[in-house]
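# A structural walkthrough
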Amino acid sequence: MPGEVLSVYLTVSEYAISSVLIREDQGRQYPVYYVSKRLLDAETCYPQMEKLAFALVITSRKLRPYFQAHNIEVLTNYPLRYNPRSAIKGQALAYFILEFPSDEVAIIAEEQIDPDVPNNEGWTLYVDGASNSEGSGGGIILISPNKFKVHSALRFEFPASNNEADYVALIAGLKLALEMKIEYLQAFSDSQIIVCQVNGEYLARGGRLAKYLALTCELLQKFKKIVVSRIPRAYNSHANALARLASIREAELLDVIPVDMLTHPKISRDEVMEIDKAKKVTWMTPIIDYLKTGVLREDKVEARKLQYRAVRYVIYDDKLYRRSFSQPLLKCIDGTECEYMLREIATYVNKPPSQLNSITSPGPFAVWGIDLTGELPKGKGGVKYAIVVVDYFTKWDEAKPLGCARMHGTESQ
């Protein structure tokens, strides 16, 4: 009612400010409205008293009609010409707990995992997911002890909510760390629900989230030491930018960073028992058998060839790789993987740099052919190439010597 006295509870933290407007009726407090704002980089440097005054200013601006129609009492424990703050009652307490989680969850990104972690073995992982009307995606940043960063953007070709996108990004990041043989890891996410569920503070409700949680816990057990912590969104801006980039439809057209595709969720599917499936024999089979068991063929000539050939190969994670002199290990593939690689190479090789336009002939057989030949023995004037033009109908041909095979200099010939 107009003229009624309302009360405002103010609270501040390191990264946010919040306030609750309440009215009191017969000794009971009822929430009217609440305001919450994340502090920007410069605002986080304010002293505590300035943050409190800033919270009051923001509250008065957003709740201007209430401040103009009612008398407002500011309840706080700071000397701001105030009424002493009493215990928060009723629903207001739930609002404050929701907006300000415990300090144990908000951990600074530079904090170390454990003092017992060996030097140059502790890695840092940042993950984030995004879901909007255009799609969903995830961003992963893996940082080595030497500050080398590995970036990955994932686009999901299946519907996913915000929480599911965060889970898929976390699972993909953990699998990437396991493939890189990382044993000590600290993972960061700005999703309070995901972090608290992984740490056992929240329960996972819903069949899909429970499956994602089970798969995440299974991956966590494969590390020697891992800590999953929550950080403010401002400290996770890079992973958030990758997730938003991957979620838009035109991400592959921007050519900013490669975007990988996930065709199905990371949830483990129902196990299917394979019956009477014969082992496929490929060119890699003899080499793999020899490297694993050391058994050679009975034919001495073939056994000697296999020994010489197997020296160039190594088995890593049950996969065959070929050694190289100055490059990383080269993965050996066969069958469907080989067909997929050939399709990808053909797509990029045959793709023209720009859109091609067809040229129609002005009359029957009015077509010319052009070809560039060389490099020829150097002639007079240093010419090494020849450009030849032929009329297909009259067989009339013309040739022009060139010193270099560039477009510049041939347009006027």
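Everything numeric in this text was worked out from a predicted model, so none of it was measured.

### So, the sheet that holds strand 8 (residues 184-189)
- Strand order in the open sheet formed by six strands is 9-8-5-6-7-10, and the pairing between neighbours is mixed. Looking at which strands have only one partner, the edges of the open sheet turn out to be strand 9 (225-230) and strand 10 (259-262). Strand-to-strand, the axes of this sheet are offset by a mean angle of 20°, without reference to chain direction.
- When strand 6 (residues 135-143) meets strand 7 (residues 149-156), the two strands line up antiparallel, connected through eight bridges. Each residue of the ladder has a partner; that of G139, found in strand 7, is A153.
- Against the sheet, helix 4 (residues 162-179) engages strand 5 (122-132), strand 6, strand 7, strand 8, strand 9 and strand 10, with an angle of about 150° to strand 5.

### Description of helix 1 (residues 48-62)
- Over its 15 residues, helix 1 runs 21 Å from end to end, which matches the ideal 21 Å to within 8%, given 1.5 Å per residue.
- K51, L52, F54, A55, I58 and T59 are the residues of helix 1 that are buried. Along the axis of helix 1, the buried positions cluster into a sector of 160°, meaning they face one direction only.

### Focus on the packing of aromatic side chains
- Scanning the entire structure with this criterion turns up seven aromatic pairs.
- Pairing F156 with F158 gives two aromatic rings, centres 5.5 Å apart and planes at 15°, and the pair type is stacked. Of the two residues, F156 and F158, neither departs from the other in class, the shared state being buried.
- A cation over a ring is seen here: K181 above Y316, with NZ or CZ 5.4 Å from the ring centre.

### Let's talk about the sheet that holds strand 11 (residues 313-316)
- Here three strands make up an open sheet; going across it, the order is 11-12-13 and the pairing antiparallel. Both edges of this open sheet fall to strand 11 and strand 13 (330-331), since each of them pairs with a single strand only.
- With two bridges joining them, strand 12 (residues 319-322) and strand 13 adopt antiparallel strand pairing. If you follow Y321 over to strand 13, its bridge partner there is K331.
- The sheet contacts of helix 9 (residues 285-293) involve strand 11 and strand 12, and relative to strand 11 the element is tilted by about 70°.

About the thresholds
As a convention, each chain's residues are numbered from 1 in the sequence order in which they are written. Where totals are concerned, whole chains, interfaces and linings use all residues; where local detail is concerned, this predicted model gives features only for residues with pLDDT of at least 70, and gives and counts side-chain atom pairs only at 80 or more. Note: side-chain values were computed over all heavy atoms of the structure, leaving out hydrogens and water. Think of it this way: DSSP has to see at least two bridges between two strands before they count as a pair. Runs of E in the DSSP output that reach at least two residues are strands. Runs of H or I that reach at least four are helices, and both are numbered from the N terminus. Fitting a line to C-alpha atoms yields each axis, with helices limited to the stretch in contact; the angle taken between N-to-C directions then spans 0 to 180 degrees. Should any heavy atoms of two residues lie within 4.5 Å, those residues are counted as being in contact. Under the convention used throughout, the expected extent of a helix is 1.5 Å for every residue step, that is, one less than its residue count. Three exposure classes are used, based on accessible area relative to the maximum for each residue type with a 1.4 Å probe and protein chains only: buried under 20%, partly exposed in between, and exposed over 50%. For this quantity, the arc is that covered by the directions from the helix axis to the C-beta atoms. Centre distance within 6.5 Å is the pairing criterion for rings of Phe, Tyr and Trp, where only the six-membered ring of Trp is used; planes under 30 degrees apart are then read as stacked, over 60 as edge-to-face, and the remainder as tilted. Note on criteria: charge over ring means Lys NZ or Arg CZ within 6 Å of the ring centre, with the direction from the centre no more than 35 degrees off the ring normal.

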